[in-house]
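Descriptive structure summary
The residues making up each chain are set out below.
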Amino acid sequence: IHLGAGFLCMAALLIRLYWFFAGNRFARWRAFLPLTKKQRENLVGTIRFYGFRRYSPPPTIGHNQLATAAYSVIYLLAAVECVTGLTMYNAQVKMHFLNVFIGWIPRLVDIQILRSIHYCIMFAFWAFLVHHLYSAILTALQERNGLIDSIFTGNKSVSLELVEEETREDDSHR
């Protein structure tokens, strides 16, 4: 079960990597890095909101900038989880194909350290799950824009002004 889940995680990570380049403007890699002034302001405003230092969150159509930063860290941790898992798997089965790509890792990092890293990342995933549920419910209750419903329906309620502003900003980046 663990091995199957690991390969499923790796497949999901590869699909997400593809989607960083082929997805819409909310899924592309530019949305995940605070490159523009507006993205940085959104990041600070969202941190203030989650820290109860601001009454309402900054208006966004897609994920807020703090969420995209968290997802970036999670994707990086998932990649490390896959590499450490494959390295430990290869230490047992000794596949030539895997040796070509990751056979050098146990020579640099002891296998027990890799096992500890693999184990600790699991706790980071659990902590992310707890925080993700908290922030999704908090944002859904505060914004009342159909955030949770949009997972199932694909529809989210936002103001026309916000859509026009986001469209203008998106067009200026092209």
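Rules used throughout
- Residues numbered from 1 in each chain as written.
- Predicted model: local features only at pLDDT ≥ 70, side-chain atom pairs only at ≥ 80, totals over all residues.
- Heavy atoms only, no water.
- Helix = DSSP H or I, 4+ residues; strand = E, 2+ residues; numbered from the N terminus.
- Contact = heavy atoms within 4.5 Å.
- Areas by Shrake-Rupley, 256 points an atom, 1.4 Å probe, with all protein chains shown as cover.
- Lys, Arg positive; Asp, Glu negative; His and termini not counted.
- Charge placed at Lys NZ, Arg CZ, Asp CG, Glu CD.
- Axes fitted to C-alpha atoms, helices over the stretch in contact; angles between N-to-C directions.
- Parallel < 35°, antiparallel > 145°, perpendicular 65-115°, else oblique.
- Left-handed = near helix turned anticlockwise from the far one by under 90°.
- Nonpolar A, V, L, I, M, F, W, Y, C, P; charged D, E, K, R; others polar.
- Patch = residues over 30% accessible without salt bridge, like charges linked within 9 Å, V, L, I, M, F, W, Y side chains within 5 Å.
- Salt bridge = Lys/Arg side-chain N within 4 Å of Asp/Glu carboxyl O.
- Buried < 20%, exposed > 50% of the residue type's maximum accessible area, 1.4 Å probe, protein only.
- Expected span 1.5 Å × (residues − 1).
- Polar contact = N/O pair within 3.5 Å; in protein donor to acceptor, adjacent residues only side chain to side chain.
- Phe/Tyr/Trp six-rings, centres within 6.5 Å; stacked < 30°, edge-to-face > 60°.
- Lys NZ or Arg CZ within 6 Å of the ring centre and 35° of its normal.

Each helix and strand in the chain was counted, giving eight helices and zero strands. The helix and strand sequence of the chain, counted from the amino end, reads α-α-α-α-α-α-α-α. For the chain, the C-alpha atoms occupy an extent of roughly 60 × 35 × 30 Å along the three principal directions. For the chain, the share of sequence-separated contacts (at least 6 apart) that also reach a separation of at least 24 residues comes to 56%. By element, 68% of the accessible surface of the chain is carried by carbon and sulfur atoms, the whole surface being about 12000 Å². Side chains of the chain give 17 positive and 12 negative charges; the mean places of these two sets differ by 7 Å.

Running from N to C, helix H1 (residues 2-22) and helix H3 (residues 65-93) cross one another at 140°; their axes reach a closest spacing of 10 Å. With respect to H3, the axis of H1 lies oblique. Every pair of crossing elements has a handedness; the one defined by H1 and H3 is left-handed. Where H1 approaches H3, its residues Leu-3, Phe-7, Cys-9, Met-10, Leu-13, Arg-16 and Phe-20 are matched on the opposing element by Tyr-75, Ala-78, Ala-79, Cys-82, Leu-86 and Tyr-89. The residue inventory of the contact of H1 with H3, partitioned by class, reads twelve nonpolar, no polar and one charged.

Right, let's get into a nonpolar patch on the surface. A contiguous nonpolar patch, built from Tyr-119, Met-122, Phe-123, Trp-126, Leu-129, Leu-133, Ile-137 and Leu-141 and spanning about 830 Å² of accessible area, is present on the exposed surface. Locating Ile-137 in the fold gives a position in helix H6 (residues 111-143). Since its relative accessible area comes to 48%, Ile-137 is described here as partly exposed.

With that settled, consider H3. In this model H3 runs 42 Å from its N-terminal to its C-terminal C-alpha over 29 residues, within 8% of the 42 Å that 1.5 Å per residue would give. The N-cap of H3, judged by a side-chain oxygen 3.0 Å from the amide nitrogen of Leu-66 a few residues on, is Asn-64.

Under the 1.5 Å per step criterion, the end-to-end length of helix H2 (residues 37-50) is 20 Å for 14 residues, consistent within 8% with the ideal 20 Å. Looking at the buried positions of H2, the neighbouring elements they touch are H3 and H6. Backbone geometry just after H2 places Phe-52 at a positive phi near 60°.

Before going further, it helps to spend a moment on the packing of H3 against H6. Closest axis-to-axis distance for the H3/H6 pair is 9 Å, and the angle between their directions is 145°. Here the hand of the crossing between H3 and H6 comes out left-handed. Taken together, the residues of H6 that come into contact with H3 (itself represented by Ala-70, Tyr-71, Ile-74, Leu-77, Ala-78, Val-80, Glu-81, Thr-84, Gly-85, Thr-87, Met-88 and Ala-91) are Ile-111, Leu-114, Arg-115, Ile-117, His-118, Ile-121, Met-122, Ala-124, Phe-125, Phe-128 and His-132. By residue class, the composition of the contact of H3 with H6 is 16 nonpolar, five polar and two charged.

Moving on, we get to the packing of aromatic side chains. Within a pair of aromatic rings, the relevant descriptors are the distance that separates the centres and the angle that separates the planes. Considering all chains together, one arrives at ten aromatic pairs under this definition. Ring plane angle 45° and centroid distance 6.3 Å describe the contact between Tyr-18 and Trp-19, whose orientation is recorded as tilted. With a relative accessible area of 55%, Tyr-18 lands in the exposed category. Given a relative accessible area of 41%, Trp-19 falls into the partly exposed group. Relative to Tyr-75, the ring of Tyr-71 lies with its centre 6.4 Å away and its plane at 25°, an arrangement referred to as stacked. Of this pair, Tyr-71 and Tyr-75 both sit in helix H3, four residues apart, roughly one helical turn. According to the relative accessible area criterion, Tyr-75 is partly exposed, its value standing at 22%. Each member of the aromatic cluster is reached from another via a ring pair, and the members are Phe-20, Phe-32, Tyr-71, Tyr-75 and Phe-128. We note Arg-16 situated over the ring of Phe-20; from NZ or CZ to the ring centre the distance is 4.3 Å.

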